[in-house]
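Remarks on the overall topology
Residue strings, one per chain:
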Amino acid sequence: MKKFFSFALMAVATLTASAQNLQLHYDFGRNLYPDQEPSRQKVTLTLEQFKADPWGSWFYFVDLDLSRKETLAAYAEISREFNIGKKGFAAHVEYDGGLGSHVGSYQQAALVGAAYNGHNADFSTTWGVQLMYKRFFKSNDINYAYNSAQLTGIWGTTFANKKCTFSGFIDLWRGVKANGHGMLIILSEPQFWYNATEHLSIGTEVEFSNNFIFNSYDDQTFFVNPTLALKWNF
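Below you will find a few notes about this structure.

**Things to note about the nonpolar core**
- Among the nonpolar cores identified, the biggest contains twelve residues, and these are A109, L111, M132, F136, I142, Y146, I154, F169, W173, V176, I185 and L187.
- Sorting the residues of this core by element identifies β7 (109-119), β8 (125-136), β9 (146-159), β10 (164-176) and β11 (182-188) as the ones contributing at least two each.
- By residue number, the principal contributor to this core is β10, which donates three residues.
- With near-sequence residues (within four places) excluded, Y146 lies in contact with Q107, K134, R135, F136, R174, G175 and V176.
- Counting six residues, the second largest nonpolar core, distinct from the first, contains F50, F59, F61 and Y75.

Below you can see the structure in the form of structure tokens.
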């Protein structure tokens, strides 16, 4: 789980100015793809927060991939949006990066671009689109920096008398192959939550990806990795 975004936070934060949650995911990817993903984490702990202010908003999350013996990886994304007028447009600035026990540092990236955010009348449904320039920096695996672009769509909707929430994101960006040629990477992580109480939710996240997961076993590039999850809303 290298990317996570719960845009339903925006609906809550619009009314309260701040929203924060802690999630615990059990990942079934290694069971589904034992040859292609033998070292995939089984447990991920995620902390995320959205905070609005008069100028725009902050969002960040931190993923900790855990095993019985150690913390396998820590990955974070932090972004800032500055409102442009009152029509939902914003300037978007973001940093992505982290550390892993097997990979050293993840390839860091800085993003800058434009966003458009919207919602329905009661904020039970929210959405956004971001188009950004993306700059990748050197990493352990790729010893050169390169330019890219990313298109992101995000959504969140709460229904059934606020008992159910469907949220998630889809990212498309340009990556590089081992030979240096470009490739389109797709990553989407829709989530479904049953809100058992005001604070506790039970649900799942399903990671759909293409050209995202490193696979040295065969030529497979498309993967579907579901989780079983608990979420505590502070």
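**Examining the packing of aromatic side chains**
- Counted by the stated rule, this structure contains ten aromatic pairs.
- Taking 5.8 Å as the distance between ring centres and 85° as the angle between the ring planes, the aromatic pair formed by Y75 and Y106 counts as edge-to-face. Of this pair, Y75 sits in strand β4 (residues 71-84) while Y106 sits in the loop between β6 (104-105) and β7; the two residues are 31 residues apart in sequence, bridging distant segments of the chain. The residues Y75 and Y106 share a single accessibility class, namely buried.
- Considering the side-chain rings of F136 and Y146, the 4.8 Å spacing of their centres and the 25° angle between planes classify their relative orientation as stacked. Of this pair, F136 sits in strand β8 while Y146 sits in strand β9; the two residues are ten residues apart in sequence, bridging distant segments of the chain.

**Notes on the pairing of strand β13 (residues 200-210)**
- In this sheet, β13 lies alongside β11 in antiparallel orientation, the contact comprising three bridges. Directly across from S188, in β13, lies its bridge partner F208.
- Pairing between strand β12 (residues 191-195) and β13: five bridges, direction antiparallel. Paired with Q191 across the two strands is E205, which belongs to β13.

**Brief notes about unusual backbone geometry**
- With a phi angle near 55°, A160 is a residue other than glycine that sits in the positive phi range.
- Relative to the assigned elements, A160 resides in the loop between β9 and β10.
- Phi at N161 is positive, roughly 55°, even though this residue is not glycine.
- Note that N161 resides in the loop between β9 and β10.

**With respect to a nonpolar patch on the surface**
- A surface patch of nonpolar side chains, amounting to about 520 Å² of accessible area, comprises W55, F82, V93, V112 and Y133.
- If you trace the backbone, Y133 turns up in strand β8.
- Judged by its relative accessible area of 39%, Y133 falls in the partly exposed class.

**As for the pattern of salt bridges**
- By the definition in use, this model includes four salt bridges.
- Of the charged contacts in the structure, one is a salt bridge between R40 and E37, with a shortest N-O distance of 3.0 Å.
- Accessibility expressed as a relative area gives 4% for E37, which makes it buried.
- A salt bridge links D53 to R80; the nearest nitrogen and oxygen atoms lie 2.7 Å apart. Here the residue D53 occupies a position in strand β2 (residues 43-53), and R80 occupies one in strand β4, the gap between them amounting to 27 residues.
- In this structure D53 comes out as partly exposed when scored by relative accessible area, which is 24%.
- According to the relative accessible area criterion, R80 is buried, its value standing at 8%.

Rules of the game
Residues numbered from 1 in each chain as written. Predicted model: local features only at pLDDT ≥ 70, side-chain atom pairs only at ≥ 80, totals over all residues. Heavy atoms only, no water. Core = buried A, V, L, I, M, F, W, Y, C linked by side-chain atoms within 4.5 Å. Buried < 20%, exposed > 50% of the residue type's maximum accessible area, 1.4 Å probe, protein only. Helix = DSSP H or I, 4+ residues; strand = E, 2+ residues; numbered from the N terminus. Contact = heavy atoms within 4.5 Å. Phe/Tyr/Trp six-rings, centres within 6.5 Å; stacked < 30°, edge-to-face > 60°. Pairing = 2+ DSSP bridges. Patch = residues over 30% accessible without salt bridge, like charges linked within 9 Å, V, L, I, M, F, W, Y side chains within 5 Å. Areas by Shrake-Rupley, 256 points an atom, 1.4 Å probe, with all protein chains shown as cover. Salt bridge = Lys/Arg side-chain N within 4 Å of Asp/Glu carboxyl O.

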